[in-house]
Amino acid sequence: MTLSDWIPLWLQSYKLGTIRETSYHQLEILCQHIPANLKEMELPDILPMHLQAFFNDFSRTASKSYMDKMRVLVHSLFCDALDNGLCEKD
């Protein structure tokens, strides 16, 4: 499963109805900032170096607060993917 396949499933399964609507919308917006090259990758193929390159690039234009939210989002995406057997490690 690619990251682009997992994101909407994750949002719907883990976030929809569990957080405020505005928070859910903010997660949707954050997900749009994940680059296409990362979204096209299979979950098990995404390495820490891929994520770090994304974070480095994202941090050039994002505030510290927005950067922190993105880190929490990505961590949650991969923790839940791990729990579902979609990747081998977080």
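Heads up: the structure comes first, above all this text.
Procedures and definitions
Residues numbered from 1 in each chain as written. Predicted model: local features only at pLDDT ≥ 70, side-chain atom pairs only at ≥ 80, totals over all residues. Heavy atoms only, no water. Phe/Tyr/Trp six-rings, centres within 6.5 Å; stacked < 30°, edge-to-face > 60°. Helix = DSSP H or I, 4+ residues; strand = E, 2+ residues; numbered from the N terminus. Buried < 20%, exposed > 50% of the residue type's maximum accessible area, 1.4 Å probe, protein only. Core = buried A, V, L, I, M, F, W, Y, C linked by side-chain atoms within 4.5 Å. Axes fitted to C-alpha atoms, helices over the stretch in contact; angles between N-to-C directions. Parallel < 35°, antiparallel > 145°, perpendicular 65-115°, else oblique. Left-handed = near helix turned anticlockwise from the far one by under 90°. Contact = heavy atoms within 4.5 Å. Nonpolar A, V, L, I, M, F, W, Y, C, P; charged D, E, K, R; others polar.

Colleague: It is not clear to me how the packing of aromatic side chains should be interpreted in this structure. Could you clarify?
Modeller: Working definition: an aromatic ring pair is given by the centre-to-centre distance plus the angle between the planes. Here the structure, examined in full by the defined rule, presents four aromatic pairs. Here the aromatic rings of Phe 54 and Phe 58 are separated by 5.6 Å at their centres, their planes lie at 35 degrees, and the arrangement is tilted. One end of the pair is Phe 54 and the other is Phe 58, both in helix α4 (residues 48–59) and four residues apart, which spans about a single turn. Phe 58 carries the same exposure label as Phe 54, and that label is buried.

Colleague: Help me understand the nonpolar core in this model?
Modeller: Soluble globular proteins: nonpolar side chains tend toward being buried together. Leu 3, Ile 34, Met 70, Leu 73, Leu 77 and Phe 78 are the most contacted members of the largest nonpolar core, which has 26 residues in total. Mapped onto this core, the elements with two or more residues apiece are α1 (3–15), α2 (21–32), α4 and α5 (64–83). Take this core: its biggest share by element is seven residues, from α5.

Colleague: How do you make sense of the packing of α1 against α2 when you look at a structure like this?
Modeller: Between two packed helices, both the angle of their axes relative to each other and the distance between the axes serve to describe the pair. Where α1 contacts α2, the axes come no closer than 11 Å and their chain directions differ by 165 degrees. Taken as axis vectors, α1 and α2 run roughly antiparallel relative to one another. The chirality of how α1 crosses α2 is right-handed. Listed contacts from α2 to Ile 7, Trp 10, Leu 11, Gln 12 and Lys 15 of α1 are Tyr 24, Leu 27, Glu 28 and Cys 31. The class makeup of the residues in the contact of α1 with α2 is six nonpolar, one polar and two charged.

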